Amino acid sequence: MYQKPKGTRDIFGDELKRLETMNAVARSFFGQQGYQEIRTPTFEFATLFDRSIGETTDIVEHEIYKFEVNRKWYALKPEGTAPVLRAFIENKLSLPARFLYICSMYRRERPQKGRYREFLQIGIELLGESEAFYDAEIIDQGKRYLDLIGAKGFNIELNSIGCPECRRAYRERLGTYLEPNISKLCADCRRRFEHNFLRIFDCKKETCHKVYDKAPKITDNLCKDCAAHYDGVKMYLRKYGIEYAENKKLVRGLDYYTRTVFEFKHRGLGAQDTIIAGGRYDLLMKELGGPNTPCTGWAMGPERLLLTMPKEVPHIDKEVTFYVVGMGERYMDEIIRLRNDIQARGHVCISGNPDAPLKQQIKKADKVGTAYTVIYGEDEEKEGVYAVKEMKTGKQTKIQREDFKAFIERI
RNA sequence: GUGGGUGUAGCUCAAUCGGUAGAGCAUUGGACUGUGGCUCCAACGGUUGGGGGUUCAAGUCCCCUCACUCACCCCA
């Protein structure tokens, strides 16, 4: 028996409907906010991600699906931001620009609850705006989207990780503090400090955090401009009436972030509790060969969001309303014509095989959950009627053939 | 990549100390020949994930392997 590859899923039924509802709400809501939907390729040249995400991050080091064809290396996209910027540059689009993307992403991780190797992301990117006002704006939009979809129970965590300039000075201070404590740190942290020093705060080990609790934080060591920017973000968030918690240890796993970073976490979801995450990336566009352009954005995991929501989320739905059965091959033409008529009037309608025993046909009608079963055979032909059985009550009535259209329209 | 848990009928799960693999639901048929659901009766359904080992005897114990799942790591 064939099996799907690890970490992939078949999505259908109720779950698919709910995911599609999220997409539909995202398109209409962010559309109103001036976001244009963009769809970038499922695979890109691998170097795009090495450059943007950071060559020493775990994503690039061992989570990307890479393949070589004709001596060229490709990668399934592990995230959406770099492709959007690449598309912006390549198509010579103009600033400021707002993009919405809804795409599958791919990362070769061990699957667990709320984490798959092929997973969806809904994300927004706001290109060409540098002010703190816009960081607050996209956070507000994220929150309003969650409200709109009916999601509850989120905490917003906020931090600023500054620019390369503040980081250079801060790294020295942190190094001086850590030096006498280096023996207390785990091997991972020692390695992290060497080539990606901010990431040490991502460590989950208590022993390491005992050291970090008293360590100087980047947030308290920002340069003048970055500090003012961060104060601005907080000020605008307060004006929006958005509650947030400062988390000075919040850093993020992708190298391209500057200044503002944030996460929307769900209380009591377990390990995969980050539903929306993002921040500012003022240097990435230039890094990818485009104009010097400040940008900010975030991405959301719809599958994870779904885990936080009650089952009875409204969704666009179509139930089977009619099932047409006949009493023998003779009535096939009439059955098919009737079925097509009902479908043309916007109802879901299935026809049974008129050669099968009536009992069997009705049983199938019941199984697919039809509201009405329409029966046509010898008796009905003689009387010029359709027999219509309301499945819920079992009540069966005869409807004149010429009255039938009116009947459908009342349903 | 590292650790834990779980794999028995289509599904959910039993099976005592190692001693003939079982139930409910689902499916199919019948009771009921042009009428589904409810009830009753019957039938169908298995390489116990796969491979090896120990034993007179393995679903059960041991080793390997695969899959699923949770957690670490990392991330949406």
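Under the annotation held in an unreviewed UniProt entry, chain A carries the name Histidine--tRNA ligase and is attributed to candidate division WOR_3 bacterium SM23_42. UniProt's Subunit (unreviewed entry) comment on chain A is quoted here verbatim: "Homodimer."

Caption draft 1: The environment of Ile 350, seen in detail. Mapping Ile 350 onto the fold places it in strand E13 (residues 348-351). On the basis of relative accessibility, which here comes to 31%, the residue Ile 350 falls in the partly exposed class. With 250 residues separating them in the primary sequence, Ile 350 and Leu 100 have C-alpha atoms 38 Å apart.

Caption draft 2: Fine view of the pattern of salt bridges. Scanning the entire structure with this criterion turns up 28 salt bridges. Arg 280 is the salt-bridge partner of Asp 135, the closest N and O atoms lying 2.9 Å from each other. Of the two residues, Asp 135 is situated in helix H5 (residues 132-149) and Arg 280 in strand E10 (residues 274-280); the sequence distance between them amounts to 145 residues. What makes Asp 135 buried here is its relative accessible area of 0%. Classification of Arg 280 by relative accessible area gives buried; the value is 0%. Each of the salt bridges in this network shares a partner with another, and the network as a whole consists of Glu 157, Arg 252, Glu 263 and Lys 265.

Caption draft 3: Structural view of the state of the cysteines. In the structure shown here, the tally under the stated rule is zero disulfides. No disulfide involves Cys 295; its sulfur sits 16 Å from that of Cys 226, the nearest cysteine.

Caption draft 4: Seen up close, the sheet that holds strand E14 (residues 372-376). With mixed pairing, five strands are arranged side by side in an open sheet as E13-E12-E14-E15-E16. In this open sheet, the two strands that pair with only one neighbour each are E13 and strand E16 (396-400). Within this sheet the neighbouring strands show an average axis-to-axis angle of 25°, counted without direction. Pairing of strand E12 (residues 320-326) with E14 involves five bridges; the strand directions are parallel. Counterpart to Val 325 in the pairing with E14 is Ile 375. Relative to the sheet, helix H13 (residues 358-367) contacts E12 and E14, its axis offset from that of E12 by approximately 175°.

Caption draft 5: Seen up close, helix H9 (residues 224-240). Taking 1.5 Å of rise per residue, the 17 residues of H9 would be expected to cover 24 Å, and the 25 Å separating its terminal C-alpha atoms lies within 8% of that figure. Within H9, the full set of buried residues consists of Cys 226, His 229, Tyr 230, Gly 232, Val 233, Lys 234 and Leu 237. Looking at the buried residues of H9, the elements they touch are H5, strand E7 (154-160), helix H6 (164-178), strand E8 (245-246), strand E9 (258-266) and E10. Immediately beyond the C-terminal end of H9, within one or two residues, lies Gly 241, with a positive phi of roughly 75°.

What counts, and at which threshold
Residues numbered from 1 in each chain as written. Chains lettered and ligands numbered in written order. Predicted model: local features only at pLDDT ≥ 70, side-chain atom pairs only at ≥ 80, totals over all residues. Heavy atoms only, no water. UniProt positions renumbered as here; feature names shortened; annotations may be inferred. Helix = DSSP H or I, 4+ residues; strand = E, 2+ residues; numbered from the N terminus. Buried < 20%, exposed > 50% of the residue type's maximum accessible area, 1.4 Å probe, protein only. Salt bridge = Lys/Arg side-chain N within 4 Å of Asp/Glu carboxyl O. Disulfide = S-S within 2.5 Å. Pairing = 2+ DSSP bridges. Axes fitted to C-alpha atoms, helices over the stretch in contact; angles between N-to-C directions. Contact = heavy atoms within 4.5 Å. Expected span 1.5 Å × (residues − 1).

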